[in-house]
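Here is what each chain is made of, one letter per residue.
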Amino acid sequence: MSKVEDILAQLVQFQVLGGQSNLSIIHWIKEYVENCGVEATLVPNETGDKAALHCRIGPAVDGGVILSGHTDVVPVEGQHWSSDPFVLTDKKDGRLYARGACDMKGFLACCLAALPDMVEAPLQRPIYLAFSYDEEVGCIGAPALIRHFQHHYSEKAHYAIIGEPSMMQPIVGQKGIYVVKTTVNGSAGHSSRIRQEVSAIHESARLILWLENKMNELVDEGRIDPRFEPPHSSIHIGTIQGGVAFNIVADKAQFEWDLRTIPKDQVADILAAFEAYCREREAALRPIFPDFAIQLKEHHPPVPPLDTAEDQKVVSFVQKLCGQQDLGAVSFASEAGQFAEAGYESVICGPGSIEQAHRADEFISKEQLQKGMDMMHRLIQEQGAVFASLGQ
C-alpha cells in the first residue's frame with residue numbers, strides 16, 4: 001500500500017457524518033501535521049464539539065495557494081454495501097472502496113501525503129491546508145474557517161483549490177444553494193367546512209405550485225447558463241408533512257425546499273418574490289382565520305455560487321497543475337463559492353468522480369489518487385522553482 005493509500009485508509013475509519021462532532025479526525029490530522037514539523041491551528045465552533053484546521057507551509061509572503069477540503073461524509077444507512085464502508089477495501093480492480101474515499105478524503109490524503117515534500121521543498125510562496133467540518137449539511141463550517149484564516153495570517157493568499165471530486169478537471173462554475181423550511185398555520189375543522197376553514201395543506205400546495213411556476217418563469221425570461229445541467233436555477237420540494245386524517249382540515253403543514261441558483265440569479269430576489277406572495281395569501285385568508293400565517297425558516301445561510309472567469313490567473317495555474325485544459329461547471333454546491341466571495345481566486349479540482357459520491361460502494365480509483373499526488377508535486381514545483389525565478 002502506498003503512502004497516500006495508507007493515509008486514506010486511516011481517514012476513512014473516522015465515521016464523522018455531517019452535523020456530528022469531527023474532533024476525532026481533526027485531532028488525528030493535527031497530530032499528523034505537527035509530526036511533519038508544521039504548526040496547525042484549530043478553529044472550534046461555538047460549542048466546542050467541532051473544529052476546522054488550517055496551517056501554512058513555507059514563508060509568510062503573499063502569493064500562497066490554499067488547499068481546501070472537508071472532513072465530514074454522508075450517512076450509509078439504507079445503502080447496500082458489498083464491503084465495510086468505513087474500512088478502505090482494495091478489490092484488486094484498480095479501485096479503493098469506502099465512504100468518503102472519493103468525497104473527499106482522497107483529496108485530503110493527497111494533501112497529507114505530500115506534506116513532508118512540501119516541508120522539505122524550498123518554497124518561495126506558501127501552501128496552506130484548510131480543512132472544514134459540516135460541508136455535507138450546508139457548507140456550515142467554512143465561513144468561520146475563512147474568517148479565522150484571514151485574521152491569522154498577515155500575508156495574502158491568492159488562490160484556493162477546493163478538492164471536490166472532479167476527475168482532476170478544473171471547475172470554474174458551481175450553483176449556489178439555499179434551503180428553506182416553510183410552515184403553514186391554518187385552522188382545524190370538519191372537512192365538510194372546507195370553505196369556512198383554512199387548510200394548511202391546500203395553502204402549501206398553492207405555495208409549492210408558485211415555486212414551480214417561478215422556476216419556469218426564470219427559464220422563460222432567458223435566465224439560462226448552458227454550463228450547468230439543468231441550465232437554470234432550480235427549485236425543488238424535498239419533504240412535506242401535514243394533516244391527521246382525511247376528514248379533518250389540516251391546521252399545520254410544512255415543506256422543505258432548496259433553491260440552487262446559477263451565478264446570474266440572486267437568492268434574495270427569488271426569496272423576496274416568494275415572501276411577497278406569502279404575505280398576499282395571508283392578507284386574503286385572515287378574514288376567514290385571523291391566525292393564518294406562513295413562516296419561512298432557513299436551514300443555514302445561503303451558499304454562494306462560483307463563477308471564476310476563464311481569464312483569471314488561477315485558471316491557467318490549475319490547468320498547469322492538473323494537466324487538463326478543458327474547464328467545467330457543476331450543479332452541486334461546495335465551499336468554493338465561499339472562498340471566492342472572501343476574495344480568493346478559486347477553482348474546484350480534485351481526484352475521483354462526483355458520480356461515486358453519496359452512493360453505496362463509493363470508490364476512488366488508484367489512477368485518480370495518483371493524479372491527485374501528481375498535482376501536489378507540480379504545486380510544490382510551482383510554489384518553489386517558478387515563483388523563485390519570477391522573483392529574480
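Parameters at a glance
- Residues numbered from 1 in each chain as written.
- Predicted model: local features only at pLDDT ≥ 70, side-chain atom pairs only at ≥ 80, totals over all residues.
- Heavy atoms only, no water.
- Core = buried A, V, L, I, M, F, W, Y, C linked by side-chain atoms within 4.5 Å.
- Buried < 20%, exposed > 50% of the residue type's maximum accessible area, 1.4 Å probe, protein only.
- Helix = DSSP H or I, 4+ residues; strand = E, 2+ residues; numbered from the N terminus.
- Pairing = 2+ DSSP bridges.
- Axes fitted to C-alpha atoms, helices over the stretch in contact; angles between N-to-C directions.
- Contact = heavy atoms within 4.5 Å.
- Disulfide = S-S within 2.5 Å.
- Phe/Tyr/Trp six-rings, centres within 6.5 Å; stacked < 30°, edge-to-face > 60°.
- Lys NZ or Arg CZ within 6 Å of the ring centre and 35° of its normal.

(A) Region of interest: the nonpolar core. Core analysis: the largest hydrophobic core is formed by 61 residues, its most contacted members being Leu 67, Leu 112, Met 118, Phe 131, Met 375 and Met 376. At ten residues, helix α3 (residues 105-120) tops the list of elements feeding residues into this core. One finds Val 180, Leu 211, Leu 259 and Tyr 277 within the second-largest nonpolar core, a separate group that totals 25 residues.

(B) Molecular detail of the sheet that holds strand β9 (residues 176-185). The antiparallel open sheet is built from four strands, whose spatial order is β11-β13-β9-β14. With partners counted over all chains shown, the strands left at the sheet margins are β11 (234-242) and β14 (293-298), one partner each. The average undirected angle you get between the axes of adjacent strands in this sheet is 20°. Here eight bridges tie β11 to strand β13 (residues 252-261), and the two strands are oriented antiparallel to one another. Its bridge partner lying in β13, Gly 242 is registered against Ala 253. Packing against the sheet, helix α6 (residues 267-285) makes contact with β9, β11, β13 and β14, and its axis sits at approximately 160° to β14.

(C) Region of interest: the environment of Asp 269. Residue position: Asp 269 is located in helix α6. Residue classification places Asp 269 among the exposed residues on the basis of a relative accessible area of 53%. Between the alpha carbons of Asp 269 and Ala 357 there is a distance of 32 Å; along the sequence they are 88 residues apart.

(D) Structural context of the pairing of strand β3 (residues 64-70). Among the seven residues of β3, seven are classified as buried, and the element is accordingly described as predominantly covered. Direction of pairing for β3 relative to strand β7 (residues 157-162): parallel, over a ladder of five bridges. Bridging across to β7, Gly 64 finds its partner in Ala 157. Of the pairings in the sheet, the one linking β3 to strand β6 (residues 127-132) comprises six bridges and is parallel in character. When the sheet's bridge partners are listed, Ile 66 is paired in β6 with Tyr 128.

(E) Summary view of the state of the cysteines. Applying the stated criterion across every chain yields a total of zero disulfides. Take Cys 102: it sits in no disulfide, and the sulfur closest to it among the cysteines is that of Cys 110, at 11 Å.

(F) Looking closely at the sheet that holds strand β4 (residues 89-90). The antiparallel open sheet is built from three strands, whose spatial order is β4-β5-β18. Of all the strands in the sheet, just β4 and β18 (363-365) have a single pairing partner and so form its edges. Bridge analysis of strand β5 (residues 95-97) against β18 gives three bridges, and the strand direction is antiparallel. Along β18, the bridge assignment pairs Arg 95 with Ser 365.

(G) Main features of the packing of aromatic side chains. In this structure the tally under the stated criterion is twelve aromatic pairs. Lys 91 extends its terminal NZ or CZ atom over the ring of Tyr 97, reaching a point 4.2 Å from the ring centre. The ring of Tyr 344 has Lys 156 sitting right over it, with the charged end atom 4.3 Å from the ring centre.

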